[in-house]
Amino acid sequence: MNKTIGILAHVDAGKTTFSEQLLYYTKSIKSRGRVDHRDAFLDSHQIERQRGITVFADQGRFACGESVYYLIDTPGHMDFSPETERAIQAMDYAIILVSAVEGIEGQTETVWELLKKHDIPCFFFINKTDRIGADAVRVAEELRREFGAELCALPGHLADDGGMSDALVDFIAERDESLLEYYLEHGYAPDRWMKVMRTLIQERRIFPYAYGSALQGSGIEEFLRMLERLTVTDYTREGPFAGRVYRIRHDEQGTRVTFIKALNGTLKVRDTLEYGDAQNPVTEKITQLRLYNGSEYKTVDQVEAGELFAVTGLSRAQVGDGAGALREKAKYETAPALRSKVIFEPKVHVKEALAYFNLLNAEDPSLNVVWEDKLQQIHIHVMGRIQLEVLEQLVYERFKLKVAFDQPEILYKETIDNEVVGCGHFEPLGHYAEVHLRLQPGERNSGIIFENACHADDLSVGHQNLIRHHLFERDHHGLLTGSPLTDIKITLLTGRAHNKHTSGGDFREAAFRALRQGLEKADNLLLEPYYHFKIKVDTDHIGRVISDISQANGRFEAPVAEGDLTVLTGTVPVATFMDYGSQLASFTQGKGKLSLTLAGYDRCHNEREVMERIGYDKDADPEYTSSSIFCAKGQGYTVAWDEAEAKMHA
């Protein structure tokens, strides 16, 4: 049975050490590495060993019982959250490590939400029980309280014959009605309980946890036995091959290596594989199949459902692409909040540098590399300063190119605050299309949502689908700063077409003009990214922290006392708080703890100041116009947005 497990945690929770122990215990590696000794098997990249953190989601492979496990060790730093989310979609089960001393931290919350979003079953391992101040029971209670998770402790509760403690027997029976009825009538049956427990885990209704010390190796063997008994997958080799691209890399020879999770069927060397956009698929031949264990790999002739493998020969595959019988592209929602300009030495040929950054963009699409042709500049999107430092080192190591990055700037977004109807008409000679859209404010961080309320008597279903396609074929931007548009519900109300003259991109023109005209009528809002923060300090420092949060335009809940410490949680703009960690460390002599996770976008605290600084002129934007074009006496003429509505035909 093939199973993919992912190891996730906040930085320094012992995630890579835990992974090394699993590989060592199952004899997949001959010696255990340590992050602090810079010899961890899965932190094989020089950058990772120098910094002592995981940057790339590397994978291992081991066998246990009747199963072959593919293990993904993910980054624990917030700056590399997009890498973590891409890895999550390849997982069958996840294991979240939590320190028995620190408890829930920023990235713990982030990975918990990502696993919930992608519906991945989860185990917890409370680590570092050998440290002073460790309290596994307290941390388990914190997980129950903060995550609302149904945790059940398992070490020592699963006997070799599958028998469970009385407490666990009751816990499982209470969460399955049919099992409870059986229990009341017939009593406990180990096989029946085990089957129900596996189902409850798969459905994310319960979350088993264990505890121990990855560094000392305690609790690892018991946890692995538990994992083998309680996890199942149902992949089949029958039917056509289907898989998902979850990672792109380039090896030391520069060969493009595409990592795929096989979901169904089998795949052989020299098979042709179709992938990419369902409307414009690409078909290429597989030239090599690789099974990776850390940085090492072996070539094989065939792979099957449930395996993680890599191929060469796919020149245009992108992260998230479906392959074979799977056509749907995966959606990743962890998006950077900062943008930075790449700075080169004068002798560097910028177009050559752009080619290098495009390679990095294929490996990490969240970089969103943009070439500003007018300015001859490269811009990238990033999560934070640590990522920029790593990129600077990575670019030099791989391409021998010295670069620096400009001060990161906030990535703003825009939305509306009221409901409006926008109209667009496009009728130059020989063309005709009209579109009416209702725009409504959406829930915060919901993106763009489309609904169709157009009757087929007004517009054919084909034309209705065409309008929807055009609205989503590109990102749209707002009127205040030209920032991306979000959190809007767009409803197609009606439209018009002409039997003879409607063709090509007429509905694209009309739909874009309708959207833009609606924005002209709406109350527009500027949004900025926010952090969710959790600060833990000595009670003597809480007054200073509250004052700092207020000055940073943050919002916070009532402080909570934890012994001699006080905990403060809330939200604060990224723009005012991205450098607060160093300030906190300074006035608390390094004793204060700060956890940050991205909390999405909300109303900008200094909208007018940002608008003045950016200086966007909506009337001079060549990509958009809110005016409509009508036709009279064989000639098209333009009508401004505020006069066009009276001339509409629908």
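For the structure given in this document, a descriptive report is provided here. It should be emphasised that the depicted structure is a prediction, and the values quoted were computed from it without experimental measurement. (Residues numbered from 1 in each chain as written. Predicted model: local features only at pLDDT ≥ 70, side-chain atom pairs only at ≥ 80, totals over all residues. Heavy atoms only, no water.)

**A word on the packing of helix H6 (residues 166-173) against helix H8 (residues 190-202)**
Helix-helix packing is described using two parameters, namely the angle between the two axes and the distance between the axes. Filter applied, for reference: Only C-alpha atoms enter the line fits that serve as axes; for helices the fit covers just the stretch in contact. Angles between N-to-C directions range over 0 to 180 degrees. Comment: elements are numbered from the N terminus, with helices defined as DSSP H or I runs of at least four residues and strands as E runs of at least two. Under this scheme an angle from 65 to 115 degrees is roughly perpendicular, one under 35 degrees roughly parallel, and one over 145 degrees roughly antiparallel; angles in between are oblique. Handedness of a helix crossing follows the sense of rotation of the near helix relative to the far helix, less than a right angle counterclockwise being left-handed and clockwise being right-handed. Contacts are residue-level and defined by heavy atoms, with any inter-residue pair within 4.5 Å sufficient. When residues are sorted by character, Ala, Val, Leu, Ile, Met, Phe, Trp, Tyr, Cys and Pro go into the nonpolar class, Asp, Glu, Lys and Arg into the charged class, and all the rest, Gly among them, into the polar class.
One can describe the packing of H6 onto H8 by two numbers: an axis separation of 10 Å at closest approach and a directional angle of 60 degrees. In terms of orientation, H6 lies oblique with respect to H8. Note that H6 runs across H8; the crossing there is left-handed. On H8, the residues that touch Leu168, Val169, Ile172 and Ala173 of H6 are Trp193, Val196, Met197 and Leu200. Its residues placed into classes, the contact of H6 with H8 shows eight nonpolar, no polar and no charged.

**A short note on the pairing of strand S12 (residues 282-285)**
Here is the rule: We call a residue buried when its accessible area falls under 20% of the maximum for its residue type, exposed when it is over 50%, and partly exposed in between, using a 1.4 Å probe and counting protein chains only. In this scheme, strands are said to pair when DSSP sees at least two bridges between them.
Of the two faces of S12, the one holding Val282 and Glu284 is buried and the one holding Thr283 and Lys285 is not buried anywhere. Here strand S11 (residues 272-275) runs beside S12; their pairing, made up of four bridges, is antiparallel. Bridging across to S12, Glu274 finds its partner in Thr283. In this structure, the hairpin formed by S11 and S12 is closed by a connection of six residues, where Gly276 is found at a positive phi of approximately 90 degrees.

**Topic: helix H14 (residues 542-551)**
Convention followed: Directions pointing from the helix axis toward each C-beta atom define the arc.
Three or more residues of H14 are buried, namely Ile542, Val545, Asp548 and Ile549. The buried residues of H14 occupy one face: seen down the axis, they fall within an arc of 120 degrees. Residues of H14 that are buried sit in contact with strand S28 (524-538), strand S29 (555-556), strand S31 (565-573), helix H15 (574-577) and helix H16 (580-587). Asn553 occupies a position one or two residues after H14 and carries a positive phi of about 65 degrees.

**Here we look at the pattern of salt bridges**
Counted only if it meets this: Salt bridges are defined by distance alone: a side-chain nitrogen of Lys or Arg within 4 Å of a carboxyl oxygen of Asp or Glu.
Per the stated rule, a full pass over the model turns up 34 salt bridges. For Lys534, the salt bridge identified is with Glu142, shortest N-O distance 3.3 Å. With Lys534 in strand S28 and Glu142 in helix H5 (residues 136-147), this pair connects stretches of sequence that are 392 residues apart. Across the pair, exposure class does not vary: Lys534 and Glu142 are buried alike. Here Arg290 makes a salt bridge to Asp251, at a shortest N to O gap of 3.3 Å. Residue Arg290 is located in strand S13 (residues 288-293), and its partner Asp251 is located in the loop between strand S8 (242-250) and strand S9 (256-264); the two are separated by 39 residues in the primary sequence. Relative accessible area serves as the criterion here: at 18%, Asp251 is assigned to the buried category.

**Quick look at the nonpolar core**
Side chains of nonpolar character tend, in soluble globular proteins, to be buried together. Where we set the bar: Buried residues of nine kinds, namely Ala, Val, Leu, Ile, Met, Phe, Trp, Tyr and Cys, make up a nonpolar core once their side-chain atoms join them within 4.5 Å.
Within the largest apolar cluster, 44 residues are counted, with the highest numbers of intra-cluster contacts made by Phe344, Phe357, Ile380, Ile535, Val545 and Phe577. Apart from the residues within four sequence positions on either side, Ile380 is in contact with Leu338, Arg339, Ser340, Val342, Phe357, Leu367, Asn368, Val369, Leu388, Leu391 and Phe405. Formed by 41 residues, the second largest nonpolar core is a distinct cluster that contains Cys64, Phe123, Met164 and Ala173.

**Observations concerning the sheet that holds strand S1 (residues 2-9)**
A sheet is described by the order of its strands in space; here seven strands give the open sequence S2-S3-S1-S4-S5-S7-S6, paired in mixed fashion. The open sheet has two edge strands with one neighbour each: strand S2 (58-64) and strand S6 (151-153). Strand-to-strand twist in this sheet, taken as the mean axis angle between neighbours without regard to direction, amounts to 25 degrees. Where strand S4 (residues 93-99) and strand S5 (residues 122-127) come together, six bridges link them in parallel fashion.

**Some thoughts on the packing of aromatic side chains**
Our working rule: Here the aromatic set is Phe, Tyr and Trp, taking the six-membered ring for Trp, and pairing holds for ring centres within 6.5 Å; pairs whose planes are under 30 degrees apart are stacked, those over 60 apart are edge-to-face, and all others are tilted. In this analysis the charged atom, NZ for Lys or CZ for Arg, is taken to sit over a ring once it is within 6 Å of the ring centre and within 35 degrees of the ring normal.
For the coordinates displayed, the defined rule picks out 24 aromatic pairs. On the basis of an interplanar angle of 35 degrees and a centroid distance of 6.4 Å, the ring pair of Phe630 and Tyr637 is categorised as tilted. When its relative accessible area of 3% is taken as the criterion, Phe630 is described as buried. According to the relative accessible area criterion, Tyr637 is partly exposed, its value standing at 33%. By way of ring pairs, the aromatic residues Phe18, Tyr93, Phe123, Phe125 and Phe223 are connected into one cluster. The lysine or arginine in question, Arg247, covers the ring of Phe259, its NZ or CZ lying 4.6 Å from the ring centre. One cation-aromatic arrangement involves Arg290 over Tyr297; the distance from NZ or CZ to the ring centre is 4.1 Å.

**Looking at the environment of Ala278**
As for its position among the elements, Ala278 is in the loop between S11 and S12. Looking at Ala278, the relative accessible area reads 47%, which means it is partly exposed. Separated by 13 residues in the primary sequence, Ala278 and Gly265 place their C-alpha atoms 20 Å from one another.

**Some thoughts on the packing of helix H3 (residues 81-88) against helix H4 (residues 106-117)**
Two elements in contact, H3 and H4, have axes separated by 10 Å at closest approach and are oriented at 35 degrees. The crossing of H3 and H4 is right-handed. Across the interface between the two elements, Ser81, Thr84, Glu85 and Ile88 from H3 touch Gln107, Thr110, Val111, Leu114, Leu115 and Lys117 from H4. Residues belonging to the contact of H3 with H4 are distributed by class as follows: four nonpolar, four polar and two charged.

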